[in-house]
Amino acid sequence: MYYFLRLNRSVDERLGNLYRQGKVVGGLYSSLGQEGISVATAYALEKQDVLGPMIRNLGATLVRGFKPRDLFCQYMARSSGPSGGRDCNLHFGDLNRGVMACISMLGALIPVMAGIALSSTLRGEDRVALTYIGDGGTRVGDFHEGLNFAAVKDLPLVVIVENNQFAYSTPVTSQMKNTRISDFAQAYGIFGTTIDGNDVLEVYNTTRAAVARARQGAGPALIECNTFRMRGHAEHDDAKYVPPELLEFWKKKDPILRFERYLFNNGIMTQAEQQTIIDRITRELDADVAFAESSPLPVPAPCGTALPGVYAD
Amino acid sequence: MATTTYLEAIRQGLWEEMERDPDVFLMGEDIGSYGGAFKVTAGMLEHFGEKRVIDTPISEEAIVGAGIGAAVMGMRPVLEMQFMDFIACAFNQIVNYAAKMHFRWGQAVPLVIRGPSGGGVHGGPYHSQNPEAYFAHTPGLKVVQPATAYDAKGLIKAAIRDNNPVIFLEHKFLYRRIKEEIPEGDYVVPLGVARVAREGKHLSIITYGAMLYVALDAAKQLEHEEIDVEVIDLRTLSPLDEDCILNSVKKTNKIILLHEDTRTLGLGAELASIISEKAFEYLDGPLIRITAPDSPVPYSPPLEEAYLPGVGQVMDAARRLAAY
Ligand SMILES: Cc1ncc(C[n+]2csc(CCOP(=O)(O)OP(=O)(O)O)c2C)c(N)n1
């Protein structure tokens, strides 16, 4: 798990460099400070489960088997990226890896993930669906319809709310009166809890338990992870509206450093082992960035014609 | 006269309407102290205060629904979609509530829904769409897309003063690329009136939005080939200015219909029907549509470039048509 946490952060850093070099074609959405949520929740799933990442859940796609080169190619709009240059950022999926692609419209993924859970129930499978949403995204009607649907049908759906306090420039207090988002679980009659999203082990244990309950037929769960968005909405945004003391406060709660301390203090990882992991990541990312940079851009369809694949065969 | 961007022209139009009419107010996501994702409303919260520049939760259906409620009480809400792609989230309120209100019980809904649409900025499938056809197809709505800074200001004012729900599509590619001298102070460009953007006698290109510049560019290059092209900028997409369109047909007898939206059942299809119904005997050649192909907008630059109609395509079609 430590490898994936570090990998997530390092991929983010490399993407930041590529962005500043003008090599990322569109916007770049950082997951800095929220890596623990993506990685630990993805770790709590089994192979047959389906995960629906949103745009900051880079780490979750890595745990599900996507490679850093997939992300570099995707952001750089190369043909060898998972969407072949057709869509941007984390907008890709592969159900063989149990990853459902999101769309930009916030909230829209929740009912769809409920449908994935529904298929599991209808076919008598033991598949659990897990997805993410931001604090701001929970104000879209789809979130509520999807959650209620899953609730009344007792579907195996786990929804992770990443309450990172800001939605673009809007603080969570301007999005909602009751900022304890897990309270909605009670309203819909499902399991809900609020946890420290920067505590990797707490996120893992809580998610693991919710996934197990869902798998046994006990219905959906809503897990609110308190955390903080450490960069702007996207890299173009200097986030001047975020009070610096909040950033300072949350910097001390960095999930990766905390997990590192835990691993050291409990003799689970040595400094030398850590260095080995970091060196391995550096090597892998050097190679993957080089791969992406030398990957070709996609070839367009002849003038005036659509690219193939708008319809299924 | 002052040099003004397309974006600044919209901002000025909003500002002046807010000054003129206390019932005008703005509502949308991140439009207040942040000034909107593209800064169209920058500085407006500071000047007009929180009661008139209202930040909302991320709830498009509620933004439009609440806008409708305020509008029937006589206010004039101007609602921002952070990107026009997200207007899909409010489709029900727009097409079922706002659009049908006056027909059902005579109640006007003076409402503007505005925001950035269109491609060319590598936004991918969800930050590049042109949603005009859905709304032009819905009776009860008006649909507007300015191409120039002059029209952007004049049309936003007309839209705010109109007693109907108006979908006001701003082309994000033009926001900062178009700079023009425009008059200071109040003027209105009426809805439903197209404009001859360039006079010509051999053939006409009927277009709107960012494609105006593709048409003008092609027209300029075709001068060297002795093809004299007229360009019509529709400005309002619903209701269409049939007089302006048909006059141009009668004048040049050859028509290219150019738009950035996808092809099937796009504006071009409607324009072709109108022309063949009402001016068939004036036509000296086929009606040629140049549009984006029927696919989502791709992200990668070479894909998007090939996807968007280009000057070369327009010139080829013009040569073909001129030969008739
Ligand atoms: C339905 C919808 N409306 C507006 C947007 C534009 N938008 C993109 S991200 C964002 C803020 C999201 O905030 P939050 O859900 O809290 O997630 P975070 O960015 O903090 O991870 C907004 C308003 C959108 N993507 N979808």
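Just so it is clear, the model here is predicted, and its values are computed rather than measured. (Residues numbered from 1 in each chain as written. Chains lettered and ligands numbered in written order. Predicted model: local features only at pLDDT ≥ 70, side-chain atom pairs only at ≥ 80, totals over all residues.)

Some details on the domain arrangement of chain B
Residue and element names in this part refer to chain B.
Here is step 1: The domain architecture assigned to chain B consists of domain 1 (2-182) and domain 2 (195-322).
Here is step 2: Placing the centre of domain 1 and that of domain 2 at their C-alpha centroids yields a distance of 26 Å.
Here is step 3: The partner domain 2 presents 21 residues to the 24 residues of domain 1 that form the contact.
Here is step 4: Elements that contribute at least two residues to the side of domain 1 that touches domain 2 include exactly helix H5 (132-136), strand E6 (142-144) and helix H6 (149-161). (Domains from an automatic or database assignment. Contact = placed C-beta atoms within 7 Å. Helix = DSSP H or I, 4+ residues; strand = E, 2+ residues; numbered from the N terminus.)

Describing the pairing of strand E11 (residues 229-233) of chain B
A regular strand carries its side chains on alternate faces of the sheet.
Residue and element names in this part refer to chain B.
Here is step 1: Burial runs high along E11: 5 of the 5 residues are buried.
Here is step 2: Of the two faces of E11, the one lined by Val229, Val231 and Asp233 and the one lined by Glu230 and Ile232 are each fully buried.
Here is step 3: Pairing of strand E9 (residues 195-198) with E11, which is carried by 3 bridges, proceeds in the antiparallel orientation. The residue of E11 that forms the bridge with Arg198 is Val231.
Here is step 4: For strand E10 (residues 203-207) and E11, the ladder comprises 5 bridges, and the chain directions are parallel. Bridge pairing in E11 places Ile206 opposite Ile232.
Here is step 5: The parallel pair E10 and E11 is bridged by helix H7 (residues 211-222), and the resulting crossover is right-handed. (Buried ≥ 20, exposed ≤ 12 C-beta atoms within 10 Å, placed from the backbone. Pairing = 2+ DSSP bridges. Right-handed = clockwise from strand over helix to strand, strands pointing away.)

Thoughts on the confidence of the model for chain B
Here is step 1: Here chain B averages 97 in pLDDT, and 100% of its residues register 70 or above.
Here is step 2: As scored by the predictor, the complex reaches a pTM of 0.94 and an ipTM of 0.90. (pLDDT = per-residue confidence, 0-100.)

Points about the sheet that holds strand E12 (residues 236-238) of chain B
Residues and elements named next belong to chain B.
Here is step 1: With mixed pairing, the 7 strands of this open sheet are ordered in space as E3-E2-E4-E5-E7-E6-E12. Whereas interior strands pair on both sides, the edge strands pair on one side only; in this sheet they are strand E3 (53-55) and E12. Taking each pair of neighbouring strands and ignoring which way they run, the sheet shows an average axis angle of 20°.
Here is step 2: In this structure, strand E2 (residues 24-28) lies alongside E3, joined through 3 bridges in parallel fashion. Pairing of Gly28 across the sheet is with Asp55, part of E3.
Here is step 3: Sheet strands touched by H6: E2, strand E4 (76-80), strand E5 (111-117), E6 and strand E7 (165-171). Its angle to E7, the strand with the most contacts, is close to 160°. (Axes fitted to C-alpha atoms, helices over the stretch in contact; angles between N-to-C directions.)

As for the packing of helix H1 (residues 2-20) of chain A against helix H12 (residues 271-294) of chain A
All names here are of chain A.
Here is step 1: Relative orientation of the contacting elements H1 and H12 amounts to 40°, with a least axis distance of 10 Å. On the basis of their axis angle, the class for H1 and H12 is oblique. Between H1 and H12 lies a crossing whose hand is right-handed. Contact with H1, carried on its side by Tyr2, Tyr3, Arg6, Leu7, Ser10, Val11 and Arg14, involves Ile277, Ile278, Ile281, Leu285 and Val289 of H12 and no other residues of that element.
Here is step 2: The residue inventory of the contact of H1 with H12, partitioned by class, reads 9 nonpolar, 1 polar and 2 charged. (Parallel < 35°, antiparallel > 145°, perpendicular 65-115°, else oblique. Left-handed = near helix turned anticlockwise from the far one by under 90°. Nonpolar A, V, L, I, M, F, W, Y, C, P; charged D, E, K, R; others polar.)

As for the sheet that holds E10(B)
Residues and elements named next belong to chain B.
Here is step 1: With mixed pairing, 5 strands are arranged side by side in an open sheet as E9-E11-E10-E13-E14. Strand pairing shows two members of the sheet lacking a second neighbour, E9 and strand E14 (288-292), which therefore form its edges. Each adjacent strand pair in this sheet contributes to an overall mean axis angle of 25°, direction not counted.
Here is step 2: In the packing of H7 onto the sheet, contacts are made with E9, E10, E11 and strand E13 (255-262), and the angle to E11 comes to roughly 170°.
Here is step 3: Sheet strands in contact with helix H9 (residues 267-278) are E10, E13 and E14, and its direction is about 155° off that of E13.

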